[in-house]
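# Working through the structure, step by step
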Amino acid sequence: MSGALPVRRSGWRARSGGKSPGSKIDAPAADKARRYTDEIHVGDLLSAPFAPGRFDVVTAFHVLEHATDPVRAARRMLAWLAPNGLLVIEVPNAGGLGAALFGRAWSALELPRHLSHFTPSTLKATVERAGGRIAWTWQQSKPRHYIWSLRIWLADRGCSGLARFTERRLVYGVMKLFLELTLRLAALLRRGEVIRVGVLPADRSR
């Protein structure tokens, strides 16, 4: 599990894994994770020593886009699930409104850190190739994603001064308020900036 919930007090036992192949959790991040668990794996997800069927919930928030082999990574995480377990995956949505509007300036491209980019259909295909099936899907858009993309778009066009102007507190606040009021529609139309799915093993009865 991940997040700021007091998982120990809630009765959950947490384990923490490395974010992606080639990346490591630094000392401050590891210290923060130890507030929730003493068992931390640092390194490649595929080399994590967790036994099959060990976890009720496995979460991978913004992990799969970093994996050199997303299908293998998803298959590995599915293998860690207990019989009634759930895998939750969240990735940037390359089929979302932000990607369509900003193109190569889309903030979630993050090349070369992001090795793969997913739309709802390609994420579904990845999950199915890994031996899973999607039980539910949720999308979300946040103002900061669009503001970051706008800054990159302006900078790419030589408007670095205007890009810096968007960082001013008042300007940022006005843009954030406008986007808060409009971006809910993008999520409802399944054009959100992130896709979150709940995944079950494909062989589990529906």
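Before reading on, note that the structure itself is shown above.
Residues numbered from 1 in each chain as written. Predicted model: local features only at pLDDT ≥ 70, side-chain atom pairs only at ≥ 80, totals over all residues. Heavy atoms only, no water.

### Focus on helix H2 (residues 70-79)
- Turning to H2, its buried residues number three or more, namely Pro-70, Val-71, Ala-73, Ala-74, Met-77 and Leu-78. Down the axis of H2, the sector holding all buried residues measures 165°, keeping them to one side. (Buried < 20%, exposed > 50% of the residue type's maximum accessible area, 1.4 Å probe, protein only. Helix = DSSP H or I, 4+ residues; strand = E, 2+ residues; numbered from the N terminus. Arc of directions from axis to C-beta.)

### Notes on the nonpolar core
- Core analysis: the largest hydrophobic core is formed by 26 residues, its most contacted members being Leu-64, Met-77, Trp-80, Leu-87, Ile-89 and Leu-123.
- Elements with a contribution of two residues or more to this core: strand S1 (55-61), H2, strand S2 (81-92), helix H4 (120-129) and strand S4 (194-201).
- Residues contacting Leu-64, with those up to four places away along its chain left out, are Pro-70, Ala-73, Ala-74, Met-77, Ile-89, Val-91, Phe-118, Leu-123 and Thr-126.
- If you look at the next biggest cluster of nonpolar residues, it comprises 13 residues, including Phe-102, Leu-109, Ile-147 and Leu-183. (Core = buried A, V, L, I, M, F, W, Y, C linked by side-chain atoms within 4.5 Å. Contact = heavy atoms within 4.5 Å.)

### So, the pattern of salt bridges
- Inspection of every chain in the model, using the stated rule, returns four salt bridges.
- We note a salt bridge from Arg-196 to Glu-90, for which the minimum N-O separation is 2.7 Å. In this pair, Arg-196 is assigned in strand S4 and Glu-90 in strand S2, connecting sequence segments 106 residues apart.
- For Arg-113, the salt bridge goes to Glu-110, with nearest N and O atoms at 2.0 Å. (Salt bridge = Lys/Arg side-chain N within 4 Å of Asp/Glu carboxyl O.)

### What about the sheet that holds S1?
- In space, the four strands of this open sheet follow the order S1-S2-S4-S3, with mixed pairing throughout. Whereas interior strands pair on both sides, the edge strands pair on one side only; in this sheet they are S1 and strand S3 (132-140). Neighbour-to-neighbour, the strand axes of this sheet turn through a mean angle of 15°, independent of strand direction.
- Bridge count between S1 and S2: six bridges; the pairing is parallel. Looking at S2, one finds that Phe-55 is bridged to Leu-81.
- The sheet contacts of H2 involve S1, S2, S3 and S4, and relative to S2 the element is tilted by about 150°.
- With respect to the sheet, H4 is in contact with S2, S3 and S4, its orientation differing from that of S3 by roughly 150°. (Pairing = 2+ DSSP bridges. Axes fitted to C-alpha atoms, helices over the stretch in contact; angles between N-to-C directions.)

### Concerning helix H7 (residues 169-188)
- Compared with an ideal rise of 1.5 Å per residue, which puts 20 residues at 28 Å, H7 spans 29 Å between its outermost C-alpha atoms and is within 8% of the ideal.
- Maximal helix bending in H7 amounts to about 40°, located at Leu-181.
- Within H7 the residues assigned to the buried category are Val-171, Met-175, Leu-179, Leu-183 and Ala-186.
- Residues of H7 that are buried make contact with helix H3 (97-102), helix H5 (143-156) and helix H6 (160-165).
- Among the residues trailing H7, Arg-190 stands out with phi positive, at a value near 60°. (Expected span 1.5 Å × (residues − 1). Bend = angle between axes of the 7 residues up to and from the residue.)

### Quick look at the side chain of Glu-65
- Along the chain, Glu-65 turns up in the loop between S1 and H2.
- Beyond its immediate chain neighbours, meaning those up to four positions away, Glu-65 contacts Glu-90, Val-91, Pro-92, Arg-113, His-114, Leu-115, Ser-116 and Phe-118.

### Side note on the side chain of Ser-116
- Note on placement: Ser-116 falls in the loop between H3 and H4.
- Dropping the residues within four chain positions of it, Ser-116 is found in contact with Glu-65, Ala-67 and Pro-70.

### Brief notes about the packing of aromatic side chains
- Taken as a whole and assessed by the stated rule, the structure comprises three aromatic pairs.
- Between Phe-50 and Trp-80, the aromatic rings sit 5.4 Å apart at their centres with planes inclined by 80°, giving edge-to-face as the arrangement. Within this pair, whereas Phe-50 is found in the loop between helix H1 (27-33) and S1, its partner Trp-80 is found in the loop between H2 and S2, the two being separated by 30 residues in sequence.
- When its relative accessible area of 8% is taken as the criterion, Phe-50 is described as buried.
- Among the aromatic side chains, those forming a connected cluster through ring pairs are Phe-50, Phe-55 and Trp-80. (Phe/Tyr/Trp six-rings, centres within 6.5 Å; stacked < 30°, edge-to-face > 60°.)

### Regarding the environment of Arg-113
- Among the structural elements, Arg-113 can be located in the loop between H3 and H4.
- Residues Arg-113 and Ala-67 lie 46 residues apart in sequence; the distance between their C-alpha atoms is 9.5 Å.

Structural measurements only, silent on function.
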